[in-house]
Amino acid sequence: QVQLVESGGGLVQAGGSLRLSCAASGRTFSMMAWFRQAPGKGREFVAAINWSGGSTYYADSVQGRFTISKDNAKNTVYLQMNSLKREDTAVYFCAARSTVTLGSVRSLGFYGYWGQGTQVTVSS
C-alpha cells in the first residue's frame, strides 16, 4: 500500500521559514513533487525532484526561496521554504510518480500518488 505522509506545516510570520517533509512508503518512485492549493484556487506546482538523478524543478514564484531535497535512506522528500510571503499560504501536497516516462513534471496528471496535505499559513 502506497502512502505519502506530509508533516511540518504550521503558522509562520512573513519572512520566516518552514520545512515540510513527505515520508513515502509502499514502493519506489521516479519523481516526487510538491503542489499547493490556496483557498478558492486550483492546485499548482511548486517543486519536483528526480529520485535517482536528483534534478530539481521549481515554479517561478518560489525559485530562489524554496529548496526541494531528498533523503534516499529515509525515503523522504523535503521542502525548505524561506522568505515566506502571505501568498505562500496554502495546503501543500506531496505527489509521486512510480514509473519513468515523458511528460511535464509540473502537471497534476503526471503524478499518480498524493498525500493528504499539510496547511501552511503565513501571517503578516
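Shown above is the structure to which this text applies.
Residues numbered from 1 in each chain as written. Predicted model: local features only at pLDDT ≥ 70, side-chain atom pairs only at ≥ 80, totals over all residues. Heavy atoms only, no water.

J.: I'm lost on the state of the cysteines in this one. Help?
T.: By definition, a disulfide links the sulfur atoms of two cysteines through a covalent bond. All told, the structure shown has one disulfide when counted by the stated rule. Each sulfur of the disulfide joining Cys-22 and Cys-94 lies 2.1 Å from the other. As the torsion about the S-S bond is roughly -80°, the Cys-22-Cys-94 disulfide counts as left-handed. Of this pair, Cys-22 sits in strand 3 (residues 18-25) while Cys-94 sits in strand 9 (residues 90-97); the two residues are 72 residues apart in sequence, bridging distant segments of the chain. Overall, the relative accessible area of 0% leaves Cys-94 in the buried class. (Disulfide = S-S within 2.5 Å. Helix = DSSP H or I, 4+ residues; strand = E, 2+ residues; numbered from the N terminus. Buried < 20%, exposed > 50% of the residue type's maximum accessible area, 1.4 Å probe, protein only.)

J.: Sorry if this is basic, but what is going on with the packing of aromatic side chains here?
T.: The geometry of two aromatic rings is summed up by the distance between their centres and the angle between their planes. A full pass over the atoms with the stated rule returns six aromatic pairs. Where Phe-110 meets Tyr-111, the ring centres are 5.1 Å apart and the plane angle is 75°; that geometry is what we call edge-to-face. Overall, the relative accessible area of 8% leaves Phe-110 in the buried class. Three or more aromatic residues link up through ring pairs in this structure, and these residues are Phe-35, Phe-45, Phe-110, Tyr-111 and Trp-114. Arg-43 extends its terminal NZ or CZ atom over the ring of Phe-93, reaching a point 3.6 Å from the ring centre. Across the ring face of Trp-114, the terminal group of Arg-43 is positioned such that the distance to the ring centre comes to 5.0 Å. (Phe/Tyr/Trp six-rings, centres within 6.5 Å; stacked < 30°, edge-to-face > 60°. Lys NZ or Arg CZ within 6 Å of the ring centre and 35° of its normal.)

J.: What am I meant to see in the sheet that holds strand 3 here?
T.: Within a sheet, each strand pairs with its neighbour through backbone hydrogen bonds, oriented either parallel or antiparallel. One open sheet holds the four strands; their spatial order is 1-3-8-7, and the pairing between them is antiparallel. Only two strands of the sheet have a single partner each, and these edge strands are strand 1 (3-7) and strand 7 (66-71). With strand direction ignored, the average angle separating the axes of adjacent strands in the sheet is 15°. Bridge count between strand 3 and strand 8 (residues 76-81): six bridges; the pairing is antiparallel. (Pairing = 2+ DSSP bridges. Axes fitted to C-alpha atoms, helices over the stretch in contact; angles between N-to-C directions.)

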